[in-house]
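Summary of structural features
Listed below, chain by chain, are the residues.
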Amino acid sequence: MEYNPKEIESKWQKKWDELKCFQAKDNLSLPKYYALVEFPYPSGEGLHVGHPRPYTALDIVSRKRRLQGYNVLFPMGWDAFGLPTENYAMKNKMHPAEVTKRNIARFKSQLKSIGYSFDWDREVNTTDPKYYRWTQWIFLQLFKHGLAYKKNMSINYCTSCKVGLANEEVVDGRCERCGAEVVKKMKNQWMLKITEYADKLIDGLSDVDYLESIKAQQINWIGKSTGAEVDFSLTGTDEPLTVYTTRPDTLYGVTYMVISPEHPYIDKYKSLIMNLEQIREYQLESSKKSDFERAEIAKEKTGVEIKGIKAINPVNDKQIPIWVSDYVLMSYGTGAIMAVPGHDQRDYEFAKKFNLPIVEVVAGGDLSKEAFTDIETGIMVNSGIIDGMEVKDAKIKITEYIESKKIGKAKDNYKLRDWVFSRQRYWGEPIPLIYCETCGWVPLNESELPLLLPDLKTYEPAEDGESPLSKMTDWVNTTCPKCHKPAKRETDTMPNWAGSSWYFLRYIDPNNDEAFASKDKIAYWMPVDWYNGGMEHVTLHLLYSRFWHKFLYDIGYVNTPEPYSKRTAHGMILGENNEKMSKSRGNVVNPDKVIDNYGADTLRMYEMFIGDFEKSAPWSESGVKGCRRFLDRAFKMMDFMTEEDYYSKDMETLMHRTIKKVTNDFETLKFNTAIAQLMAFTNAVYQKGSITRKEMRDFLILLNPVSPHVTEEMWTLCGFDGYLHSYKWPEYDETKTIEDEVEIVIQVNGKIKTKIMISSDMSKEDMEALVYKDEAILKAIEGKQPKKVIAVPKRLINIVI
RNA sequence: GCGGAUGUGGCGAAAUUGGCAGACGCGUUGGUCUUAGGAGCCAAUACGCAAGUGUGCAGGUUCAAGUCCUGUCAUCCGCACCA
């Protein structure tokens, strides 16, 4: 009989659908397992060969868990709002909903053809009003708890997409999606106060099992720093200039101040500024620069001194100049710094360029060459009350001092910024708020959710960069829910990070109309036991979804402070030429083709066999062939299966070892070595020329999570009980994984001289005794007297002479 | 600059607690079957004719190092004037 994947695969996919065997049961008494993969953005391109890698990995885990008796939730859905769909719809004069529907249908049929054990009855779609009703609902809770606010701020604006971008969407000064230049634009934007959760987001990481590199990236992104805010009084005004510093200990070394070009004091105190013209010119210059230019190109410091106002150093009452420079960012700290050129490299460069004084307050460096920034070894000098102290003690003392004098306070700061939540686009969730002249921003009544996206003729953003919805006056004009006077709807929509911030909760109870999910079911299914996704999502999506979940926890809607107990990441699949797969490079491999030529079981196996799961790996057509060859060989083993329903004596150890290795490797993302073990087993069967029924049965179960169709088929052909998918995972006996006889190595001075067979339970002492008896060993030491003999049971004897 | 990771055959890669480096697969070579073989099966395959040498490089610890320690180089990813 020939192995014919086409026939087998469609047959079993149909069968599984009919039997609904992968349906997660809402039987809350069974042991549960929630496996989650990132739901895809259904692009017009369809799947490429990178998508199935994480899906197959957790499909393997899910299938194995079911065989081990768990009630498994392994769902799939669509993160379908977003720009590419909208852009495509505009270009082709289609409705984005139509485009989305078509793309989803394509993705779904592709995923189905790979034979995943998703529970398709729980499919979610972020663009479905029944879904985004709850995205809007969560937003309203954030609003009601003061975590959403509108702010007129300088934002990143993509000149091509005509849309505001979050900092995170700007890569190297360019739009993450289209690559066009990003400029600054003032815009009134909805913001989410993720910064209020910064500490919780850091602290929560100690309770979860995430890859170390993921934790590190999150901590890095949040960027917590500890320091102090200090007030410097200004000449000619009663209001102080507040700065943030992580080095309050260097307060005596401050020789000038710098404020950001966007600092409000420039306008506020313009009457005091004698060279306002010059300052205005500098402001204009830096406003033209993108963030990228400010950071990357302008290595050379620039700036202008403010004439007419001086600052006073609160610890020594010295008058010092104030400069404006764009190396100080308005978006971090207070937008103003105290400059300590002796102990900060940037201040040092600036001081050198503009001939400002440099004072040493921490001894240990050479200030004629560079700033001395070491905080471990330095001793304070020229520093009044903290003279002679070590840096870390000086920090504490001076902070206490400024707090007691009421000129400052200890303060933590974060690199993490609040989340810009507005998009001036059509294809997103409408923000369910209404602006009333009398009442201000008023939330829509929750009973009126979902606030549907109205139909539009065109989706072009307005020329001023406003949302296309702003042109829909019928929709925009409404009445205030509070005072019933005429009012206007918010026309911005949500970013596509919104729907993905809570989708794992909707899978739990996807059809619930009373709540985003019932409390009972949440209590049963949460947290997600294992979440696998890309490394590219660990700062944005992962942080955003943890933030929303922590908020829902704080207001009592979910039962766990963290959504995911374990998070792993997969490596990318590269093209055959070792480059990132992309249309423009022409190296994209389409999974449909692979399935057509070799079958889904081969595709799945190769995706897992390709290499270390966490690393990127280049695609190889001949590697695919190798996996198909293995399945052919496995299929043919049926030709020499015998009737014995037990492990044959000579295969027993290998059988137990194989069960052990596959069982463990599937848990630790080492799918490649698990498959290698199954290949080695098959090679042994071919060597022997026969396989017993029991050996075959357990082999099929072990291979089933990787290649489910062919194993189900063989199961049936062999006449085993029922269906493979409802059977149980085999157990191994540790004592039977050890051979009776092992080959050990004889080393002389660490060099291998010979090998002998010994009984595997031989003691260290007996092995040492062998040195004087075994002929091969005697020959190896050539009659010399051993100085020392090291025997390691089951491994080696090393003789030192 | 900061943070994280990775360097092993021609290629993708394996290697409990330090204990036979290169499992498994690809590729290559040879054999076999065949009208044929880009199918199957069998065998060989780190390098070197050999003694021997080999896990980016240089040291160190150890009876023994891919694995531990010190230094160094290279590549990749993330962040980056964050005070």
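Since the structure is predicted, the reported quantities are computational estimates derived from the model, not experimental observations.

Rules behind the numbers
Residues numbered from 1 in each chain as written. Chains lettered and ligands numbered in written order. Predicted model: local features only at pLDDT ≥ 70, side-chain atom pairs only at ≥ 80, totals over all residues. Heavy atoms only, no water. Domains from an automatic or database assignment. 1 Å grid on protein atoms, 1.4 Å probe; cavity = no way out; pocket = protein on both sides within 12 Å on 5 of 7 lines; lining within 4 Å. Points joined across faces, edges and corners; volume = space filled by probe spheres on them. Nonpolar A, V, L, I, M, F, W, Y, C, P; charged D, E, K, R; others polar. Pairing = 2+ DSSP bridges. Helix = DSSP H or I, 4+ residues; strand = E, 2+ residues; numbered from the N terminus. Axes fitted to C-alpha atoms, helices over the stretch in contact; angles between N-to-C directions. Near = heavy atom within 4 Å. Polar contact = N/O pair within 3.5 Å; in protein donor to acceptor, adjacent residues only side chain to side chain. Contact = heavy atoms within 4.5 Å. Core = buried A, V, L, I, M, F, W, Y, C linked by side-chain atoms within 4.5 Å. Buried < 20%, exposed > 50% of the residue type's maximum accessible area, 1.4 Å probe, protein only. Parallel < 35°, antiparallel > 145°, perpendicular 65-115°, else oblique. Left-handed = near helix turned anticlockwise from the far one by under 90°. Expected span 1.5 Å × (residues − 1). Arc of directions from axis to C-beta. Phe/Tyr/Trp six-rings, centres within 6.5 Å; stacked < 30°, edge-to-face > 60°. Lys NZ or Arg CZ within 6 Å of the ring centre and 35° of its normal. Salt bridge = Lys/Arg side-chain N within 4 Å of Asp/Glu carboxyl O.

1. What to know about the domain arrangement of chain A
Looking at chain A, the domain boundaries give domain 1 (5-132 + 502-574), domain 2 (224-414) and domain 3 (739-800). On a C-alpha basis, the centroid separation for the pair domain 1 and domain 3 is 56 Å.

2. A word on empty space enclosed by the protein
Inspection of the entire model under this criterion finds 4 cavities of 30 Å³ or more. Space inside the second largest cavity adds up to approximately 70 Å³. Surrounding the second largest cavity, Leu234, Leu241, Ile259, Tyr265, Ile273, Ile306, Ile309 and Ile322 form its lining. Along the lines of polarity and charge, the residues of the lining of the second largest cavity split into 8 nonpolar, no polar and no charged.

3. Digging into the sheet that holds strand β21 (residues 433-436)
What the 4 strands build is an open sheet, ordered β22-β21-β24-β23; its pairing is antiparallel. The sheet is open, and its two borders are formed by β22 (440-443) and β23 (477-479), each paired with just one other strand. Along the sheet, successive strands turn relative to each other by an average axial angle of 45°, direction set aside. The pairing of β23 with strand β24 (residues 486-489) spans 3 bridges and is antiparallel. Bridge pairing links Thr478 to Ala487 in β24.

4. Observations regarding the protein's contact with RNA strand B
Residues in close proximity to RNA strand B total 50 residues, the closest being Thr246, Lys301, Arg346, Ile610 and Arg795. Each atom of RNA strand B within 4 Å of the protein belongs either to a base or to sugar and phosphate, the latter forming 63%. Between RNA strand B and the protein, one listed contact pairs a sugar or linking oxygen with a side-chain N or O atom of Thr245 at 3.2 Å. Per element, the largest residue contribution to the surface near RNA strand B is 7 residues, and it comes from helix α21 (residues 671-688). For the surface near RNA strand B, the class distribution of residues is 20 nonpolar, 15 polar and 15 charged.

5. Let's talk about the side chain of Ser500
Here Ser500 lies in the loop between β24 and α14 (503-506). Leave out the neighbours within four places in its chain, and Ser500 touches Phe39, Asp79, His541 and Ser545.

6. Remarks on the sheet that holds strand β25 (residues 530-534)
Strand order in this open sheet of 5 strands is β2-β1-β25-β26-β10, and the pairing throughout is parallel. The open sheet is flanked by β2 (71-73) and β10 (209-210), the only strands paired with a single partner. Examined bridge by bridge, β10 and strand β26 (residues 566-570) share 2 bridges and lie parallel to one another. Residue pairing for β26: Asp209 is matched across the bridge by Lys566.

7. Digging into the nonpolar core
Counting 166 residues, the largest nonpolar core has Tyr34, Phe516, Trp548, Trp619 and Met696 as the members making the most contacts within it. Beyond its immediate chain neighbours, meaning those up to four positions away, Tyr34 contacts Leu73, Pro75, Phe504, Tyr507, Ile508, Trp525, Met526, Pro527, Val528, Asp529 and Trp530. Residues Val243, Tyr282, Ala311 and Val361 belong to the second largest nonpolar core, which totals 39 residues.

8. Brief notes about the packing of helix α18 (residues 600-609) against helix α19 (residues 621-636)
It is the contact of α18 with α19, at a shortest axis distance of 9 Å, that shows an interaxial angle of 120°. In this view, α18 runs oblique relative to α19, as classed from their interaxial angle. Between α18 and α19 the crossing geometry is right-handed. Side by side, α18 and α19 meet where Asp601, Thr602, Met605, Tyr606 and Phe609 of the first sit next to Gly623, Val624, Cys627, Arg628, Phe630 and Leu631 of the second. In terms of residue class, the contact of α18 with α19 is made up of 7 nonpolar, 2 polar and 2 charged.

9. Focus on helix α1 (residues 5-19)
With 15 residues, α1 ought to run about 21 Å at 1.5 Å a step, and its terminal C-alpha atoms sit 21 Å apart, in line with that. All buried positions along α1 are accounted for by Pro5, Ile8, Glu9, Trp12, Gln13 and Trp16. Along the axis of α1, the buried residues cluster in a sector spanning 125°; they form a single face. For α1, exposure combined with an orientation more than 90 degrees from the buried face picks out Glu7, Lys14 and Glu18. If you follow the buried residues of α1, they end up packed against α2 (52-67), α4 (96-114), α17 (591-598), α18, α19 and α23 (708-718). Positive phi appears at Lys20, one or two residues downstream of α1, with a value of about 50°.

10. A few points about helix α11 (residues 345-354)
Within α11, burial applies to Asp347, Tyr348, Phe350 and Ala351. Down the axis of α11, the smallest arc covering the buried residues is 165°, so these residues share one side. A positive backbone phi angle near 55° is found at Asn355, which sits one or two residues after α11.

11. Overview of the environment of Glu349
Relative to the helices and strands, Glu349 is located in helix α11. On the basis of relative accessible area, Glu349 is assigned to the partly exposed category, the value being 34%. For the pair Glu349 and Thr692, spaced 343 residues apart in sequence, the C-alpha separation works out to 78 Å. Looking at Glu349, its side chain comes within polar contact range of the side chain of Lys301, at 3.1 Å.

12. Considerations on the environment of Val594
Checked against the element boundaries, Val594 lands in helix α17. Here Val594 falls in the buried class, since its relative accessible area comes to 7%. With 111 residues separating them along the chain, Val594 and Cys483 place their C-alpha atoms 62 Å apart. Dropping the residues within four chain positions of it, Val594 is found in contact with Val589, Gly599, Leu603, Trp619 and Val624.

13. Some thoughts on the packing of aromatic side chains
Under the counting rule described, the total for this entry stands at 53 aromatic pairs. Ring plane angle 70° and centroid distance 6.1 Å describe the contact between Tyr33 and Tyr70, whose orientation is recorded as edge-to-face. One end of the pair, Tyr33, is in strand β1 (residues 32-37); the other, Tyr70, is in the loop between α2 and β2, with 37 residues separating them in the sequence. Taking relative accessible area as the criterion, Tyr70 reaches 34% and is therefore assigned partly exposed. When the ring of Tyr327 is compared with that of Phe350, the centres are 5.3 Å apart and the planes differ by 45°; the resulting orientation is tilted. Pair noted here: Tyr327 is in the loop between β15 (319-324) and β16 (336-339) and Phe350 is in helix α11, with a separation of 23 residues, a long-range link. Clustering of aromatic rings is evident, with ring pairs tying together Phe139, Phe143, Trp190, Tyr197, Trp419, Phe421, Tyr435, Trp441, Trp497, Tyr544, Phe547 and Trp548. The cationic tip of Lys301 hangs over the ring face of Tyr327; the distance from NZ or CZ to the ring centre is 5.3 Å. In this arrangement the basic side chain of Lys566 is found over the ring face of Trp530, its NZ or CZ atom lying 3.8 Å from the centre.

14. Quick look at the pattern of salt bridges
Applying the stated criterion across every chain, the model contains 44 salt bridges. Between Glu86 and Arg425 there is a salt bridge, with its nearest N and O atoms 3.5 Å apart. One end of the pair, Glu86, is in helix α3 (residues 83-91); the other, Arg425, is in the loop between β20 (419-420) and β21, with 339 residues separating them in the sequence. The buried category is assigned to Glu86, whose relative accessible area is 0%. You can call Arg425 buried: its relative accessible area is 5%. The salt bridge involving Glu229 is made with Lys411; its shortest N-O contact spans 3.3 Å. Taken together, the residues span a long stretch of sequence, with Glu229 in strand β11 (residues 224-234) and Lys411 in strand β19 (residues 408-414) at a distance of 182 residues. Its relative accessible area of 12% is what places Glu229 among the buried residues. Where salt bridges share partners, they join Asp26, Asp119, Arg122, Asp509 and Lys521 into one cluster.

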